[in-house]
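Notes for the structure review
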Amino acid sequence: MWIGIDDTDSPSGMCTTYIGAILVRRLARAGIRVVDARLVRLNPNVIHKTRGNAAVCIEAEGDADAAFALTCACVEELAEFDAAETNPGVVVSPIRPPPDFYYAALRDFCNVGEACAVLESVGARYQGYKNRRGLIGATAAVASDFPDRTYEVLAYRKREMWGTPRKVDRESLFRAEEMTYPHTWDTVDRENDLVVCVPHTPDPVLFGIRGESPAWVREARSYLRSEEPACEQVYTTNQGTDAHLVPGTVGMLREGRSYLVRGTIAGAPVTGPGGHVSLLLTDGDDEVRCMAYEPTKGFRDIVRALIPGDVVIAAGSYKGESLNLEKIGVSRLADAVRIRPPICPACAKRMTSAGTAKGYKCRVCGARAREPEIERLKRPIRPGWYEVPPSARRHLARPRIPAWQRALCG
């Protein structure tokens, strides 16, 4: 059977993955064998999300009625019911629903009615609380399909420590990154000297280490020195897979979806108030604004280095009529040139314009020339993929560029 829970947290506390970890332990004590625990990230652009739009799915073997009762009791005990935007959902399904609903919730938008129809079609037990919106994520979680998967070990704080400053040794985090990267990632942001894996919100999470296998995340975790955790859970996840991105076309993008879009740079990037950088990407007669916001730090320098004529693939979420960049692939670089009046061969002085369409003239000796001096400039970037730093990376964004995306840059 598959057990799904979602929408149990709030901006001020709790975490759905924590409830998942507690539920794993209660199921085991009840004699229900847990096969796998999944952390399922869904559309990052959903406005009703609390923080990272994550649901939890637990695959288990045992009595479904007992599992449903345990899950409802766990959610009713721990969820943030007093928060206005917290609307939990619980699902226990004897079979995994088709993955279509998962992909819809990952890349588009779904409603409660659609979720209930899916659950009814597979004979699932389910319970929605308050406006029942959590049933959407819980249904997507049990329907989730991970053709590409990663892992995260999450450590949780003892209850008496919730809301107090976390005690995690900074040096040990950098050591863990040093010893296990690239098999683990987003533990720290070396370029900006920042810790990434330790949250600042008042929830039960102490830290989370992401990587390519359970063995690697446990290896990285072994280097960490911190306050004693209450418990830890390794989740199978879709984080770091780019599963939210779909191919898109300039001029046909839809609000709140995430895309890979090919186009040509139409004008020089512009740095606006707050350090945000914008540029125009065109495809034929259509254009879209792309944005690199201040938190992306050095990534903005890559965007600023683009010039009209560069062909790129932009990846990001389309919100507010702009594509908010998560990464950019440079497919073809245009020639960067500087055009100046030529040097007079007789006087070795630079000529000046002789007038519109009249070429150039030396002020010293009167010599003339028709063609300007054209200097080809060295570009500070090369074809390839560039991405935001770990401190600005979204949960779903792939941290290392796979071969199929490199091939797209041709």
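Data block above holds the structure.
Residues numbered from 1 in each chain as written. Predicted model: local features only at pLDDT ≥ 70, side-chain atom pairs only at ≥ 80, totals over all residues. Heavy atoms only, no water.

1. Re the environment of Glu375
Position of Glu375 relative to the elements: it lies in strand β23 (residues 373-376). Taking the C-alpha atoms as reference, Glu375 lies 5.4 Å from Val337; in sequence the two are 38 residues apart. Filtering out sequence-adjacent residues up to four positions away, Glu375 remains in contact with Ala336, Val337, Arg338 and Arg340. At a separation of 2.7 Å, a polar atom in the side chain of Glu375 contacts the side chain of Arg338. (Helix = DSSP H or I, 4+ residues; strand = E, 2+ residues; numbered from the N terminus. Contact = heavy atoms within 4.5 Å. Polar contact = N/O pair within 3.5 Å; in protein donor to acceptor, adjacent residues only side chain to side chain.)

2. Concerning the packing of helix α4 (residues 112-121) against helix α5 (residues 134-142)
Relative orientation of the contacting elements α4 and α5 amounts to 40 degrees, with a least axis distance of 8 Å. Judged on the interaxial angle alone, α5 and α4 are oblique. The hand of the α4/α5 crossing is left-handed. Packed against α4, whose contacting residues are Val112, Ala115, Cys116, Val118 and Leu119, the element α5 presents Leu135, Ile136 and Thr139 at the interface. In the contact of α4 with α5, the residues fall into seven nonpolar, one polar and no charged. (Axes fitted to C-alpha atoms, helices over the stretch in contact; angles between N-to-C directions. Parallel < 35°, antiparallel > 145°, perpendicular 65-115°, else oblique. Left-handed = near helix turned anticlockwise from the far one by under 90°. Nonpolar A, V, L, I, M, F, W, Y, C, P; charged D, E, K, R; others polar.)

3. Looking at the packing of helix α6 (residues 170-180) against helix α7 (residues 214-221)
Where α6 contacts α7, the two axes come as close as 8 Å, and the packing angle between them is 140 degrees. With respect to α7, the axis of α6 lies oblique. Like other packed secondary-structure pairs, α6 and α7 cross with a definite hand, here right-handed. Residues Ala176, Met179 and Thr180 of α6 form the contact with α7, whose participating residues are Trp216, Glu219 and Ala220. Class assignment of the residues belonging to the contact of α6 with α7 gives a composition of four nonpolar, one polar and one charged.

4. Here's the deal with the sheet that holds strand β7 (residues 184-185)
Taking strand neighbours across the sheet as the criterion, the nine strands line up as β5-β4-β1-β3-β2-β11-β6-β10-β7 in an open arrangement whose pairing is mixed. Strands with a single pairing partner mark the edges of an open sheet, and in this sheet they are β5 (125-128) and β7. Where strand β2 (residues 33-41) and strand β11 (residues 231-237) come together, two bridges link them in parallel fashion. Looking at β11, one finds that Arg38 is bridged to Thr236. Strands β6 (150-156), β7, β10 (205-211) and β11 of the sheet are contacted by α7, whose axis makes an angle of about 130 degrees with β10. (Pairing = 2+ DSSP bridges.)

5. Comments concerning the nonpolar core
Within the largest apolar cluster, 35 residues are counted, with the highest numbers of intra-cluster contacts made by Ile3, Tyr156 and Tyr235. For this core, the secondary structure elements donating two or more residues are β1 (2-6), α1 (16-29), β2, β3 (54-61), α2 (64-78), β4 (89-93), β6 and β11. No fewer than three residues from each of domain 1 (2-143) and domain 2 (150-237) sit in this core. With near-sequence residues (within four places) excluded, Tyr156 lies in contact with Thr17, Tyr18, Ala21, Pro204, Val205, Leu206, Pro229, Ala230, Cys231, Gln233 and Tyr235. Membership of the second largest hydrophobic core comes to 28 residues, among which are Trp2, Ala105, Val122 and Phe146. (Core = buried A, V, L, I, M, F, W, Y, C linked by side-chain atoms within 4.5 Å. Buried < 20%, exposed > 50% of the residue type's maximum accessible area, 1.4 Å probe, protein only. Domains from an automatic or database assignment.)

6. Concerning the sheet that holds strand β21 (residues 360-361)
With antiparallel pairing, the three strands of this open sheet are ordered in space as β20-β21-β22. Each edge of the sheet is formed by a strand with only one pairing partner; in this case those strands are β20 (352-353) and β22 (368-369). Note: β21 against β22, two bridges, orientation antiparallel. Considered in β22, the bridge of Tyr360 is made with Ala369.

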